[in-house]
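Chain residues, written in single-letter form:
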Amino acid sequence: MRFTMSLFALLLFACGSTHAACVDSVVLVHGNTGSPSDFQATHDLLRQRGYTESQIIAPSWGNAFCAACNDHNGSEEAPVENAIVDALASSCTGKIDVIGHSMGATLAARVIDRIGASGSVNTFIGIAGAFRGLYSCGMYPFNVATTTCGAWGLSIGSPFLNGIAGHRFGAKMYSFKSYADEINCYGGVCLVYGVHTSQIQGETASYTFPYGHYGLLWYTATQQADLL
């Protein structure tokens, strides 16, 4: 009887462990001139919560030494697309979650939209993204001398931003924003046509934090993980 009960407990534990391990693979997309290590706090917390290394994919993209050279078209897309495709291929649920920071949020949105993957994304989190454009980039087609602010960049009203506006990037879409964001709130102005630039059209919810542009990523790991 003792052996039977012990065996039952072992099987119950094993089944429970197997079930807990089957989670969406997560893709973490860093910002302009950033690196995968920007998501270190998020990565470490997901590992603590039972995710394996293979379930967390953090691609490196763009020119790390020239912020003004990067946009949302061409070579910047390839590493993110590969990460999303690989995550989908390996996810035991058949779904993935995507978290992007700053330009990585809009780049991830672009890739998801272009390859038609929105139906396979369970949760999309845009952290400090400029989904409605940056005042520092001007109003398209003015003040767009740099690639980052051009037609495939983050000038307000750019063809790129207009092209993804209102599209879905996942079943649930969340934005993390701040009114202390020193990059998205150029000159202290965060709103574009009355809406914070980090908010995603059609989003499930938006969360406001008192942090700067990078603090929004570094200090919200728990909130990120809780939404997955």
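Look above for the structure.
Small disclaimer: the values here were computed from a predicted structure and weren't measured.

Colleague: Just to check I follow, could you spell out the pairing of strand E4 (residues 121-127) for this structure?
Modeller: Looking along a regular strand, one sees side chains alternate from face to face of the sheet. In terms of burial, E4 is largely enclosed, as six of its seven residues are buried. As defined by bridge partners, strand E3 (residues 96-101) adjoins E4 across six bridges and the pair is classed as parallel. Along E4, the bridge assignment pairs aspartate 97 with threonine 123. Where E4 lies against strand E7 (residues 172-177), five bridges are found, and the strand directions are parallel. Within E7, the residue paired with isoleucine 127 across the bridge is phenylalanine 176.

Colleague: When you look at the state of the cysteines in this model, what are you seeing that I'm missing?
Modeller: In the structure shown here, the tally under the stated rule is four disulfides. The disulfide partner of cysteine 66 is cysteine 69, and the gap between their sulfur atoms is 1.9 Å. Its S-S torsion of approximately 65° makes the covalent link between cysteine 66 and cysteine 69 right-handed. Using a relative accessible area of 23% as the deciding quantity, one classes cysteine 66 as partly exposed. Disulfide pairing is shown between cysteine 137 and cysteine 149; the S-S distance is 2.0 Å. Residues cysteine 137 and cysteine 149 are joined through a disulfide that is left-handed, its torsion about the S-S bond being -65°. With a gap of 12 residues between them, cysteine 137 in strand E5 (residues 134-139) and cysteine 149 in the loop between E5 and strand E6 (155-156) connect regions that are remote in the sequence. Across the protein, the disulfide pattern expressed with sequentially numbered bonded cysteines is 1-4, 2-3, 5-6, 7-8.

Colleague: Can you help me understand the side chain of asparagine 184 in this one?
Modeller: Note on placement: asparagine 184 falls in the loop between E7 and strand E8 (191-192). What makes asparagine 184 buried here is its relative accessible area of 3%. From its side chain, asparagine 184 meets the backbone oxygen of glycine 129 in a polar contact 3.3 Å long. At 3.1 Å, the side chain of asparagine 184 forms a polar contact with the side chain of serine 198.

Colleague: In this structure, what is going on with the sheet that holds E4? I would like to understand it.
Modeller: Sheets are built from strands paired through backbone hydrogen bonds, the pairs being either parallel or antiparallel. An order of E2-E1-E3-E4-E7-E10 is seen for the six strands of this open sheet, with the pairing classed as parallel. Edge positions in the sheet fall to strand E2 (56-57) and strand E10 (205-208), since each has one partner strand and no second. Lying over the sheet, helix H3 (residues 77-90) contacts strand E1 (25-29), E2 and E3, oriented at roughly 170° with respect to E1.

Calculation rules
Residues numbered from 1 in each chain as written. Predicted model: local features only at pLDDT ≥ 70, side-chain atom pairs only at ≥ 80, totals over all residues. Heavy atoms only, no water. Buried < 20%, exposed > 50% of the residue type's maximum accessible area, 1.4 Å probe, protein only. Helix = DSSP H or I, 4+ residues; strand = E, 2+ residues; numbered from the N terminus. Pairing = 2+ DSSP bridges. Disulfide = S-S within 2.5 Å. Polar contact = N/O pair within 3.5 Å; in protein donor to acceptor, adjacent residues only side chain to side chain. Contact = heavy atoms within 4.5 Å. Axes fitted to C-alpha atoms, helices over the stretch in contact; angles between N-to-C directions.

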